[in-house]
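Examination of the molecular architecture
Here are the chains, one letter per residue:
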Amino acid sequence: MVAIVGGLGAALSWAIATLASSRSSRMIGPPSVLGWVMAVGLVVAIVPALLARPIDLGMPEVLGLIVIGLCHNIGLLLAYGALSIGRVSIVAPILATEGALAALVSVALGEPLALSTAVLLAAIAVGVVLAAAERSADPSTPEAFDPARTRRAALLAIAAALIFSIGLVLSGRLGAAGMPPAWVMVASRTIGVLLIVLPLVLTRRLRLTRAALPLVALAGVVEVFGGAVYVVAASEGVAVAAVLSSQFAAIAAVAAYFLFRERLQRLQLIGVVLVAVGITILAALQA
C-alpha cells in the first residue's frame, strides 16, 4: 500500500511541477528554470536532510547518489526543453514512460512481480499514455502546426524518459537500503546547483521575471516533495511506485484542459477511466 499511495503522491506533485515548468520554461528558458528549481529544492530539502537519521555511506552509495543527481538534472533539462517548445498533452505522455521503463529495468534486475500485478501495471501504463494523447492539433496553439518543433519536443522527451528511468530505479534501491529520502533530494539539488546554477550565475545568464517567480518556486517545492515520496514508495516496490508515479501525465493532461484550454478528447477520457479502474483494483490486491 505504501508503494501505491506514495506513487500517487509523487504523480500529483510531478504533475503540478510539469504544468508550472511548461509555462516558466517559455518565459525564462529551460536552463534558468532548472537552475531556480534546483536552488529552491536545495533550500527546502536541507533541513529535513540534517534532521534525518544518519547512516554510513560507502563508495557504492556515494556513486549512486551522484548518478541519481546527474540523471535528475539532465532529465529535467531535457524535459523542460521539450515543454518549452511542445504541448503538455504531447510531451507529458512521453515523459510518463519513465515509470514503465523503470519497472522493466527493476524486474530485469530481479524484483519479483506477480502476473496479475504486471497486467494491471501494463493497463495503467496504457491508460496514462491514452489520457495524455492527442490526435489532432488545436488551432489556438501555433506550435502544434510546426512538425519540426513537435518532433524535436518528442525526441527531447524520449531522451528525458530514458534518463529518468535509471534514476528512478537507483532511488528505489537506495531507499530500500535505508537511505533517507531527504539525502537523495539534497544530493540531486547540490549537483544541480554546482553544474547548473553556478555556471549560469558566473556567465550572468540566470534569468528570472516576476511572472516566472511563483512558478519556479512552486516547481522547486513540489519536485522535492514528489521525489522524497517516491523514494519512500519505491523502497517497498520499484515497479509499482514507478508506474503509478507516471500518472502525472494523466493528471497534467486533465489540468491542462482547464488551465490552458487544451482539449480533452474521447481517447483521453478513456485513458483516465482506465487508469482509475486499474488503480482501484491494484490497491485492492495490495491491501
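Scope of this entry: the structure provided in the associated data block. (Residues numbered from 1 in each chain as written. Predicted model: local features only at pLDDT ≥ 70, side-chain atom pairs only at ≥ 80, totals over all residues. Heavy atoms only, no water.)

**Details of the overall build of the protein**
- Of the regular secondary structure elements, the protein holds 12 helices and 0 strands.
- Starting at the N terminus and ending at the C terminus, the protein contains elements arranged as α-α-α-α-α-α-α-α-α-α-α-α.
- Each of the 287 residues in the protein was classed as buried or not, and the buried ones make up 51%.
- Partitioning the contacts of the protein with sequence separation of at least 6, the portion at a separation of at least 24 is 92%. (Helix = DSSP H or I, 4+ residues; strand = E, 2+ residues; numbered from the N terminus. Buried < 20%, exposed > 50% of the residue type's maximum accessible area, 1.4 Å probe, protein only. Contact = heavy atoms within 4.5 Å.)

**Observations concerning the packing of aromatic side chains**
- In the structure shown here, the tally under the stated rule is 1 aromatic pair.
- Over the ring of Phe-260 we find Arg-23, and its NZ or CZ is 4.0 Å from the ring centre. (Phe/Tyr/Trp six-rings, centres within 6.5 Å; stacked < 30°, edge-to-face > 60°. Lys NZ or Arg CZ within 6 Å of the ring centre and 35° of its normal.)

**What about the environment of Ile-196?**
- Within the secondary structure layout, Ile-196 lies in helix H8 (residues 181–202).
- The buried category is assigned to Ile-196, whose relative accessible area is 16%.
- When sequence neighbours within four positions are dropped, the list of residues in contact with Ile-196 reads Pro-31, Leu-34, Gly-35, Asn-73 and Ile-191.

**Quick word on the packing of helix H2 (residues 30–51) against helix H9 (residues 213–234)**
- Two elements in contact, H2 and H9, have axes separated by 8 Å at closest approach and are oriented at 55°. As summarised for this structure, H2 and H9 are arranged oblique, according to the angle between their axes. Considering the relative orientation of H2 and H9, their crossing is right-handed. On H9, the residues that touch Val-33, Trp-36, Val-37, Val-40, Gly-41, Val-44 and Ala-45 of H2 are Val-216, Ala-217, Ala-219, Gly-220, Val-221, Glu-223 and Val-224.
- Of the residues that constitute the contact of H2 with H9, the class distribution is 11 nonpolar, 2 polar and 1 charged. (Axes fitted to C-alpha atoms, helices over the stretch in contact; angles between N-to-C directions. Parallel < 35°, antiparallel > 145°, perpendicular 65-115°, else oblique. Left-handed = near helix turned anticlockwise from the far one by under 90°. Nonpolar A, V, L, I, M, F, W, Y, C, P; charged D, E, K, R; others polar.)

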